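The residues making up each chain are set out below.
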Amino acid sequence: SSVKCSEGQDCILSCTFKYTAGGWDEESAVTWRRTETDHIVHGYHDNTDQLADQSPQYVSRTSLFDSELQRGNASLLLRRVREEDAGEYKCSVSTPRLSGSGLTEVDVVPAQPTAAPAQVTVQSSDWRGIGALLPLLALCEIASLCVGL
């Protein structure tokens, strides 16, 4: 599968597995890796995150949805996506009753510029627009045509 992630935003990399009741325990494990480098993106076993071997690029930017693991969902939340996060990821799941893995391609989309500038400055020369209206207002007054203004 593949997912488009916006630079600077959070993104979910999907990983689901067939879950059977009683099939998840402390021996169960999830490991997310970059396929190109085999670096660990996120590790989980003994019912807790295992981040000692996590690649520095991902420190404080990844998490699983703990409550979803028992429902067959080992998706990864990747926070503050960076351009260098683009590439292929491998999700590996092992439980007492099954093991398997899947691939997800991450395509990072450049951040969109903000819609409006943070501050607007009006130069004094921009007030010339009112000067163009003065003769019209004077004409209006003289001809008593001020109805629409």
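Residues numbered from 1 in each chain as written. Predicted model: local features only at pLDDT ≥ 70, side-chain atom pairs only at ≥ 80, totals over all residues. Heavy atoms only, no water.

Identification of the chain as Ig-like domain-containing protein from Huso huso is taken from an unreviewed UniProt entry. Under the Subcellular location (unreviewed entry) heading, UniProt states for the chain: "Cell membrane". (UniProt positions renumbered as here; feature names shortened; annotations may be inferred.)

Draft legend 1. Up close: the side chain of Arg 61. Among the secondary structure elements, Arg 61 is positioned in the loop between strand 5 (48-49) and strand 6 (62-64). Within the structure, Arg 61 has its side chain in polar contact with the side chain of Asp 85 (distance 2.9 Å). With sequence-adjacent residues up to four places away left out, Arg 61 is seen in contact with Leu 77, Leu 78, Arg 79, Arg 80, Val 81, Arg 82 and Asp 85. (Helix = DSSP H or I, 4+ residues; strand = E, 2+ residues; numbered from the N terminus. Polar contact = N/O pair within 3.5 Å; in protein donor to acceptor, adjacent residues only side chain to side chain. Contact = heavy atoms within 4.5 Å.)

Draft legend 2. Quick peek at the environment of Cys 15. Along the chain, the position of Cys 15 falls in the loop between strand 2 (11-13) and strand 3 (29-34). Given the relative accessible area of 9%, Cys 15 is considered buried. Residues Cys 15 and Ser 1 lie 14 residues apart in sequence; the distance between their C-alpha atoms is 9.4 Å. Beyond its immediate sequence surroundings of up to four residues, Cys 15 is in contact with Trp 32, Gly 72, Asn 73, Ala 74, Ser 75, Cys 91 and Val 93. (Buried < 20%, exposed > 50% of the residue type's maximum accessible area, 1.4 Å probe, protein only.)

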